[in-house]
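Architecture and fold: a report
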Amino acid sequence: MIVLKSPREIEAMKKAGELLAACHKEIKKMIKPGITTWEIDQFVDKYLAQHGAIAQQKGYRGYEYATCASINDEICHGFPRKEPLNTGDIVTIDMVVNVNSALADSAWTYIVGEASEETNRLVEVTKTSLYKGIEAAVVGNRIGDIGHAIQTYVEGEGFSVVRNFIGHGIGPSIHEKPDVPHFGLPGKGPRIKEGMVFTIEPMVNVGSYETKMDSNGWTARTVDGKNSAQFEHTIAITKNGPIILTDQGE
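To keep things clear, this report deals only with the structure shown in the data block. Residue indices follow the written sequence of each chain, beginning from 1 at its first position. Under the rules for a predicted model, residues below a pLDDT of 70 receive no local features and side-chain atom pairs below 80 are neither given nor counted, while totals for whole chains, interfaces and linings still include all residues. Only hydrogens and water are set aside when side-chain values are computed; all heavy atoms of the structure are taken into account.

**Some details on the packing of helix 3 (residues 117-135) against helix 4 (residues 143-156)**
- Working convention: axes come from line fits to C-alpha atoms, limited for helices to the stretch in contact. Angles between N-to-C directions cover 0 to 180 degrees. Secondary structure follows DSSP: runs of H or I at least 4 residues long count as helices, runs of E at least 2 residues long count as strands, and numbering of each begins at the N terminus. Relative orientation of the contacting elements helix 3 and helix 4 amounts to 150 degrees, with a least axis distance of 8 Å. The orientation of helix 3 relative to helix 4 falls into the category roughly antiparallel. Crossing of helix 3 over helix 4 shows right-handed handedness. In this structure, helix 3 contributes Val125, Thr128, Ser129, Lys132 and Gly133 to the contact, and helix 4 contributes Ile146, Ala149, Ile150, Tyr153 and Val154.
- Classifying every residue of the contact of helix 3 with helix 4 by side-chain character gives six nonpolar, three polar and one charged. Each angle is binned into one of four classes, with values under 35 degrees roughly parallel, values over 145 roughly antiparallel, values of 65 to 115 roughly perpendicular, and all other values oblique. Crossings are sorted by hand: turned counterclockwise from the far helix by less than a right angle, the near helix makes the crossing left-handed, and turned clockwise it makes it right-handed. Whether two residues are in contact is decided by their heavy atoms: any pair within 4.5 Å suffices. For this classification, Asp, Glu, Lys and Arg are treated as charged, while Ala, Val, Leu, Ile, Met, Phe, Trp, Tyr, Cys and Pro are nonpolar and the rest, including Gly, are polar.

**Details of the nonpolar core**
- Only buried residues count toward a nonpolar core, which is a set of Ala, Val, Leu, Ile, Met, Phe, Trp, Tyr and Cys residues joined through side-chain atoms within 4.5 Å. Here the term buried applies to any residue with accessible area under 20% of the maximum for its type, exposed to any over 50%, and partly exposed to those in between, with areas from a 1.4 Å probe on protein chains only. Ranked by internal contacts, the top residues of the largest apolar core, which has 53 residues, are Ile27, Ile146, Phe198 and Ile200.
- Discounting residues that sit within four places of it in the chain, Phe198 has contacts with Ala137, Ile143, Ile146, His168, Gly169, Ile170, Pro178, Val180, His233, Thr234, Ile235 and Ile237.

**A closer look at helix 3**
- A helix is expected to span 1.5 Å for every residue after the first. For helix 3, which comprises 19 residues, the first-to-last C-alpha distance of 27 Å matches the rise-based estimate of 27 Å (1.5 Å per residue) to within 8%.
- All of the buried residues in helix 3 are Thr119, Leu122, Val123, Val125, Thr126, Ser129, Leu130, Gly133 and Ile134.

**What to know about the sheet that holds strand 11 (residues 211-213)**
- Following DSSP output, two strands are said to pair if at least two bridges run between them. The three strands are arranged 3-12-11 in an open sheet whose pairing can be described as antiparallel. Two strands in the sheet have a free side with no partner beyond their single neighbour: strand 3 (74-76) and strand 11. Within this sheet the neighbouring strands show an average axis-to-axis angle of 45 degrees, counted without direction.
- Sheet topology note: the strand 11/strand 12 (residues 220-222) ladder contains three bridges and is antiparallel. Paired with Met213 across the two strands is Ala220, which belongs to strand 12.

**Focus on the sheet that holds strand 6 (residues 160-161)**
- Taken in spatial order, the three strands of this open sheet run 6-10-13, and their pairing is antiparallel. The open sheet is flanked by strand 6 and strand 13 (228-230), the only strands paired with a single partner.
- Of the strand pairs in this sheet, strand 10 (residues 203-205) and strand 13 are connected by three bridges, and their pairing is antiparallel. Bridging across to strand 13, Met203 finds its partner in Gln230.

**Details of the environment of Pro202**
- For Pro202, the location among the structural elements is in the loop between strand 9 (197-200) and strand 10.
- Relative accessible area serves as the criterion here: at 0%, Pro202 is assigned to the buried category.
- Pro202 sits 51 residues away from Gln151 along the chain, and the two C-alpha atoms are 9.0 Å apart.
- Non-local contacts of Pro202, meaning those with residues more than four positions away in its chain, are made with Thr126, Ser129, Leu130, Ile150, His182, Ala229, Gln230 and Phe231.

**Here's the deal with the packing of helix 1 (residues 7-30) against helix 2 (residues 37-50)**
- At their nearest, the axes of helix 1 and helix 2 sit 11 Å apart, and the two run at 145 degrees to each other. Note on packing geometry: the crossing formed by helix 1 with helix 2 is right-handed. Contact with helix 1, carried on its side by Leu19, Ala22, Cys23, Glu26, Ile27 and Met30, involves Glu39, Ile40, Phe43, Val44, Tyr47 and Leu48 of helix 2 and no other residues of that element.

**A word on the pattern of salt bridges**
- Whenever Lys or Arg places a side-chain nitrogen within 4 Å of a carboxyl oxygen from Asp or Glu, that contact is recorded as a salt bridge. Scanning the model with the defined rule gives 13 salt bridges in all.
- Note that Glu11 is salt-bridged to Lys15, the shortest N-O span being 3.5 Å. With Glu11 and Lys15 both in helix 1 and four residues apart, this pair spans about one turn of that helix.
- Residue classification places Lys15 among the partly exposed positions, given a relative accessible area of 46%.
- In this structure, the salt-bridge partner of Glu157 is Arg121, at a minimum N-O distance of 3.2 Å. Pair noted here: Glu157 is in the loop between helix 4 and strand 6 and Arg121 is in helix 3, with a separation of 36 residues, a long-range link.
- Within this structure, Asp73, Glu74, Arg81, Glu83, Asp214 and Arg221 form a network of salt bridges that share partners.

**Points about the side chain of Asp94**
- Within the fold, Asp94 resides in strand 4 (residues 90-99).
- For the buried residue Asp94, which engages in no salt bridge, the nearest side chain bearing the opposite charge is Arg61, 13 Å off.
- Contacts of Asp94, omitting those with residues within four sequence positions, involve Gln57, Thr67, Cys68, Asp105, Ser106, Ala107, Gln230 and Glu232. When charges are tallied, Lys and Arg are placed among the positive residues and Asp and Glu among the negative ones, while His and the ends of the chain are skipped.

In structure tokens, the structure reads:
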């Protein structure tokens, strides 16, 4: 069942989103060769606590960290670790923020130092695909219109869209209906209605869209070892168009 959110609930989630966006802006300043995703995770945990918020995924199904930190061929749900990042790496930092029981979710891929032309294109195409998906998220369209907009753009640029991990509704719980794939056919899926709140979070690979799981049971990576990027916003559907609750002002 898809639960529509009230204006009051959306406003509360917007406050969580604003804090999450501010945290990502601080992370952007930290990204450089030699830093570790462990240091970033510790920073996020402390930053949120100082602002009266909770890292919602910490403890979720036994997950131990404030962030997911996925490097290079890791698609999502990478564990923060103490190995330093190197020039040319990309790292996706994903987090869910809880402010007074209202949630927001956003992931961002960062380039460490200077990267190859292919890596820069991957990151730019993935980011652009997110906003193409958001443009399709209007009242009267269907969820499939979002995925179709993303898939056709990404594949037209020579990259692939991950199938095994998708966007989702969000509210009092991290994962709610509707499911929001980043691939599919236009005119299919649930009708988009005012009051829906969900994430759009395309994961885009240089090579094959297929995935494999690490032995930790969490981290997904590309089957061919090629890089993957992800950008994610939480959006609210209004009669005047989608509102990006996790907007960083970009």
